[in-house]
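If you want the building blocks of each chain, they are given just below.
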Amino acid sequence: MSFLATVTAVLSGLALAGCVYLFFRDPRKLGRGEFVNLGFLTLTRLSVYKLIAVTVMGVLPIAALSTANLEVIEGAKTVQACAGCHVMWPMVNDMVDPGSDSLSARHYRSAAMSGDQCYACHSGYGFNGALEAKLEGYRHLVRYTTGLYPEPVKKRGHFNSGACFGCHEGTSGFEAVRSHDVGRERLRSGQMSCLSCHGLAHPSRSERTPGSASYQQLMEKPR
Amino acid sequence: MMKLEASLAGVASAILLWFALTRSAYSMGAMVFVATPLYVVAGAYFAYRVFRELRERDVL
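Residues numbered from 1 in each chain as written. Chains lettered and ligands numbered in written order. Predicted model: local features only at pLDDT ≥ 70, side-chain atom pairs only at ≥ 80, totals over all residues. Heavy atoms only, no water.

Considering the packing of aromatic side chains
Tallied over the full model, the rule gives six aromatic pairs over all chains. In this structure, Arg188(A) is placed above the aromatic ring of Phe165(A), and the distance from its NZ or CZ to the ring centre is 4.9 Å. The ring of Phe23(A) has Lys3(B) lying over it, and the distance from NZ or CZ to the ring centre is 4.0 Å. (Phe/Tyr/Trp six-rings, centres within 6.5 Å; stacked < 30°, edge-to-face > 60°. Lys NZ or Arg CZ within 6 Å of the ring centre and 35° of its normal.)

Here it is as structure tokens:
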């Protein structure tokens, strides 16, 4: 359990306990003459009730929602987060398979990509790229939780080759290949895809279609 | 008594706790699309009641 998830659990647990207290406690029965000694402060029982109400209805929800959303934003970058939805299992299973020759598996095995491999390719560079990826993530969340998606899933729009250029352009290996120079502008504009020469990044749609020969194997829960 | 606000915020807190403990896709969806609006509604209703009470007492 991550630090943010632990903090969220503690805050939401406190908020839940406070809600139970507020639900059953009748403030009209709290005597104004009764005092509660908090050590450094002495308050009437009614004041303590009001303090709890403000904390439970305002402070704790804001704090808990902040940590929870931060956990969503940060946690969504991991491969485990992508594997949280079963429709992504074929991609994750193929990527972590040492015998796979797909582009994602080859990148996964590379020492240059030490973590968050899904996010590294599926988010653009800079703040805008990260923001687009987050918005896309919320769209995925709606589609997945409501079941509004057909299997096999299909990527919306075209994959932006800029994600490939961000890491590869300028490297000696990339620049040494003549066809990269010839097709650079076409690759940049999206007229040509890196996948045209380098093969599929993930299992094909036919492989991911329910009933296909490889479907059962690809749909095993990733470890 | 604060039965309505406490109920709404209680459900939202329970969803948040579920998300923090499991971090599954469904709990994440419930947290974003159910718990957050519930907290907002509960907080807004609570604030409305506080301001109404303060007005009745001529504090505001």
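Right, picking up where we left off after that structure.
Points about a nonpolar patch on the surface
Residue and element names in this part refer to chain A. On the surface, a cluster of nonpolar side chains totalling about 330 Å² of accessible area is made up of Leu38, Phe40 and Leu41. Examined against the element boundaries, Leu38 turns out to sit in the loop between strand E1 (35–37) and strand E2 (42–44). Residue classification places Leu38 among the partly exposed residues on the basis of a relative accessible area of 39%. (Patch = residues over 30% accessible without salt bridge, like charges linked within 9 Å, V, L, I, M, F, W, Y side chains within 5 Å. Areas by Shrake-Rupley, 256 points an atom, 1.4 Å probe, with all protein chains shown as cover. Salt bridge = Lys/Arg side-chain N within 4 Å of Asp/Glu carboxyl O. Helix = DSSP H or I, 4+ residues; strand = E, 2+ residues; numbered from the N terminus. Buried < 20%, exposed > 50% of the residue type's maximum accessible area, 1.4 Å probe, protein only.)

With respect to the pattern of salt bridges
Across all of its chains, the model carries 12 salt bridges over all chains by this definition. For the salt bridge of Glu71(A) with Arg23(B), the shortest nitrogen-to-oxygen distance reads 2.7 Å. In this pair, Glu71(A) sits in helix H2 (residues 45–75) while Arg23(B) sits in the loop between helix H1 (3–22) and helix H2 (25–56), so the two residues belong to two different chains. On the accessibility criterion, Glu71(A) (7% relative accessible area) is buried. Arg23(B) sits in the partly exposed class, given a relative accessible area of 36%. Glu169(A) is the salt-bridge partner of Arg188(A), the closest N and O atoms lying 2.5 Å from each other. Taken together, the residues span a long stretch of sequence, with Arg188(A) in helix H11 (residues 184–189) and Glu169(A) in the loop between helix H8 (162–168) and helix H9 (172–175) at a distance of 19 residues.

A few points about the interface of chain B and chain A
Facing 29 residues of chain B, the contacting portion of chain A comprises 37 residues. Buried area between chain B and chain A, summed over both chains or domains, comes out near 2700 Å², and the portion from carbon and sulfur atoms is 78%. If you look at where chain B meets chain A, you find two residue pairs in polar contact (both at pLDDT 80 or more). Listing elements by their share of the side of chain B that touches chain A, those giving two or more residues are H1 and H2 of chain B. For the side of chain B that touches chain A, the element with the most residues is H1(B), which contributes 13 residues. Classifying every residue of the side of chain B that touches chain A gives 19 nonpolar, six polar and four charged. (Contact = heavy atoms within 4.5 Å. Buried area = accessible area lost by both parts, 1.4 Å probe. Polar contact = N/O pair within 3.5 Å; in protein donor to acceptor, adjacent residues only side chain to side chain. Nonpolar A, V, L, I, M, F, W, Y, C, P; charged D, E, K, R; others polar.)

So, the layout of surface pockets
The probe, sized like a water molecule, is rolled over the atoms to show the empty space still left. Each pocket or cavity is described by its volume, and for the second largest pocket that value is around 560 Å³. For the second largest pocket, the lining is made up of 20 residues, of which Tyr49(A), Lys50(A), Val50(B), Glu53(B) and Arg57(B) are closest to its centre. Only H2 of chain A together with H2 of chain B provide two or more residues apiece to the lining of the second largest pocket. Counting residues per element, the lining of the second largest pocket draws most heavily on H2(B), which supplies seven residues. Of the residues that constitute the lining of the second largest pocket, the class distribution is 10 nonpolar, no polar and 10 charged. (1 Å grid on protein atoms, 1.4 Å probe; cavity = no way out; pocket = protein on both sides within 12 Å on 5 of 7 lines; lining within 4 Å. Points joined across faces, edges and corners; volume = space filled by probe spheres on them.)

A closer look at the packing of H2(A) against H2(B)
Their axes nearest at 11 Å, the elements H2(A) and H2(B) cross at an angle of 155°. Here H2(B) runs roughly antiparallel to H2(A), going by the angle between their axes. For the pair H2(A) and H2(B), the sense of crossing is left-handed. Each of Ala53(A), Val54(A), Met57(A), Pro61(A), Leu65(A), Ala68(A), Asn69(A) and Val72(A) in H2(A) lies in contact with H2(B), whose residues at this interface are Met28(B), Met31(B), Thr36(B), Tyr39(B), Ala42(B), Gly43(B) and Phe46(B). For the contact of H2(A) with H2(B), the residue count by class is 12 nonpolar, three polar and no charged. (Axes fitted to C-alpha atoms, helices over the stretch in contact; angles between N-to-C directions. Parallel < 35°, antiparallel > 145°, perpendicular 65-115°, else oblique. Left-handed = near helix turned anticlockwise from the far one by under 90°.)

Thoughts on the nonpolar core
One finds Leu22(A), Met57(A), Met2(B), Leu16(B), Met31(B) and Tyr39(B) to be the most contacted residues of the largest nonpolar core, which totals 32 residues. Secondary-structure elements contributing two or more residues to this core are helix H1 (3–24) and H2 of chain A together with H1 and H2 of chain B. Per-element accounting of this core gives the leading share, 10 residues, to H2(A). What Tyr39(B) contacts, discounting residues up to four positions off in sequence, is Ala15(A), Pro61(A), Leu65(A), Ala9(B), Ala12(B), Ser13(B) and Leu16(B). Met95(A), Cys118(A), Tyr215(A) and Met219(A) belong to the second-largest nonpolar core, a separate cluster that totals eight residues. (Core = buried A, V, L, I, M, F, W, Y, C linked by side-chain atoms within 4.5 Å.)

Describing H1(A)
End to end, H1(A) covers 32 Å across 22 residues, agreeing with the expected 32 Å (1.5 Å per residue, within 8%). When H1(A) is considered as a whole, its buried residues turn out to be Ala5(A), Thr8(A), Ala9(A), Leu11(A), Ser12(A), Ala15(A), Gly18(A), Cys19(A) and Leu22(A). Looking at the buried side of H1(A), the elements it contacts are H2 of chain A together with H1 and H2 of chain B. (Expected span 1.5 Å × (residues − 1).)

Some points on unusual backbone geometry
Looking along the chain, the bond that leaves Glu151(A) and enters Pro152(A) is cis, with omega of 0°. Here Pro152(A) shows up in the loop between helix H7 (126–146) and H8. One non-glycine residue, Asp116(A), lies in the positive phi region at around 50°. In this structure, Asp116(A) sits in the loop between helix H5 (103–109) and helix H6 (117–122). The class for Asp116(A) is partly exposed, based on a relative accessible area of 31%. At Asp58(B), a position not held by glycine, the phi torsion is positive, near 60°. Among the structural elements, Asp58(B) can be located in the segment after H2.

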